[in-house]
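Structural description and commentary
As a plain string of letters, each chain reads:
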Amino acid sequence: MSFSFSSLPLAQPEEILHDLSPVMLIHKNGRIERLALEETIPPSTDHPTGVRSKDVQISSKTGLSARLYLPTTNTSQKHNLPLVIYFHGGGFVVGRASGTLFQPFLNRLAFEANVVVVSVDYRRAPEHPLPTAYDDSWDAIKWVVSHAAGNGRDPWLTDFVDFKRVFFGGESSGANIAHQMAMRIGLENDDQQVKLSGIVLIHPYFWGDTLIGGEVVADVKERDLMGNIWRVANPDTTGLDDPMINPGSDANLWKLGCKRVLVTVAEKDLLRDRGWYYHEVLEKSGWNGNIEIIEAKAEGHAFHLFTPFCENALTLFKTLSLFFNEIDQ
């Protein structure tokens, strides 16, 4: 999880309880200073793509909301578009669905893949430690799927979504959430109200107590940041081999609630080897599905958000579009 943001001026070391720079500082007096992914943008019509976006409130009690994206479409396409429920990254501690980095990416995704996107604005740690983000994301999924019978309150979902083609996706910690939501589908969705076609994990934030691959020789500060963010986000965790951060330690991994998985990794990303490891352990778990993995050469973490028109980003959009539009056999 490498970030290329300019940091705000740092407080004196003695004032800081948790130094998660360049992501976040938590001060001893309780003040939280977020250093990245805090700039937001209102919903709009994106002129290059024609994609429209809007914000919807899901729960007035918790403040849970989402940003919806609808590609340019017409009445002949009603009930014909795949749905992507998306979870943004940021280590569970920074980032918003309305973030300036995420909106251009999701506009482009909705346009290129011709999909409806629901980007979930889950509550963040440390004010709302895990499992809050997981629970909010599950509540958002249930709200979205409540539209499947055609009587939900949002017309973009009732009029344009094919609920037989529902996908979860996300980057970094959002990919972690997408995986955990697919696990809930497999473990908790007894009535099969949620029918999940597949998940997309872009540069997934997984970790573990035992270092693997390039982690062994990685920069110590960057490596420690991976574990420290997890401990701050989930103070009740059992550690870095908690199944929530290390799927390889999950005895129920074979119950993943979909038949198709796409993992994307980046060559220069510290999390690269975790993506490959996930691919390996899922294949060996006894899960009855198909997993694909692609690697972007010479790229870093979340490169597609920072350089959305580079060759590797264009390849990523094409790969995602094909994945979301493949007809189940």
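Rules and cut-offs
Residues numbered from 1 in each chain as written. Predicted model: local features only at pLDDT ≥ 70, side-chain atom pairs only at ≥ 80, totals over all residues. Heavy atoms only, no water. UniProt positions renumbered as here; feature names shortened; annotations may be inferred. Helix = DSSP H or I, 4+ residues; strand = E, 2+ residues; numbered from the N terminus. Expected span 1.5 Å × (residues − 1). Buried < 20%, exposed > 50% of the residue type's maximum accessible area, 1.4 Å probe, protein only. Contact = heavy atoms within 4.5 Å. Polar contact = N/O pair within 3.5 Å; in protein donor to acceptor, adjacent residues only side chain to side chain. Salt bridge = Lys/Arg side-chain N within 4 Å of Asp/Glu carboxyl O. Pairing = 2+ DSSP bridges. Axes fitted to C-alpha atoms, helices over the stretch in contact; angles between N-to-C directions.

Going by an unreviewed UniProt entry, the protein carries the name Alpha/beta hydrolase fold-3 domain-containing protein and comes from Centaurea solstitialis. In its Sequence similarities (unreviewed entry) section, the UniProt record describing the protein reads: "Belongs to the 'GDXG' lipolytic enzyme family."

1. A few points about helix α5 (residues 220-233)
Taking 1.5 Å as the rise per residue, α5 with 14 residues should run 20 Å; its terminal C-alpha atoms sit 20 Å apart, in good agreement. Within α5, burial applies to Arg-223, Leu-225, Met-226, Gly-227, Ile-229, Trp-230, Val-232 and Ala-233. Residues of α5 that are buried sit in contact with β1 (16-20), β2 (24-27) and α2 (132-145). Looking at where α5 begins, the residue whose side-chain oxygen comes 3.1 Å from the main-chain nitrogen of Lys-221 is Asp-219.

2. Here's the deal with the pattern of salt bridges
The tally for this structure, following the rule as stated, stands at 17 salt bridges. A salt bridge links Arg-272 to Asp-273, with the shortest nitrogen-to-oxygen separation between them at 2.6 Å. On the basis of relative accessible area, Arg-272 is assigned to the partly exposed category, the value being 24%. Judged by relative accessible area, which is 16%, Asp-273 ranks as buried.

3. Quick look at the sheet that holds strand β9 (residues 196-202)
If you walk across this open sheet you meet the eight strands as β4-β5-β7-β6-β8-β9-β10-β11, and the pairing is mixed. Looking at strand neighbours, the two that pair on one side only are β4 (52-57) and β11 (290-296), the edges of this open sheet. Here the average twist between neighbouring strands, direction ignored, is 20°. Across six bridges, strand β8 (residues 161-171) lies against β9 in parallel orientation. In the sheet register, Val-166 faces β9, and the bridge partner there is Leu-196. The sheet contacts of α2 involve β4, β6 (81-87), β7 (116-121) and β8, and relative to β6 the element is tilted by about 160°.

4. Some points on helix α1 (residues 102-113)
If you check α1, its first and last C-alpha atoms are 16 Å apart, about what 12 residues at 1.5 Å a residue would give, namely 16 Å. In terms of burial, α1 is largely enclosed, as nine of its 12 residues are buried. For α1, the set of buried residues is Phe-102, Gln-103, Phe-105, Leu-106, Asn-107, Arg-108, Leu-109, Ala-110 and Ala-113. Positioned one or two residues after α1, Asn-114 has a phi angle of 55°, which is positive.

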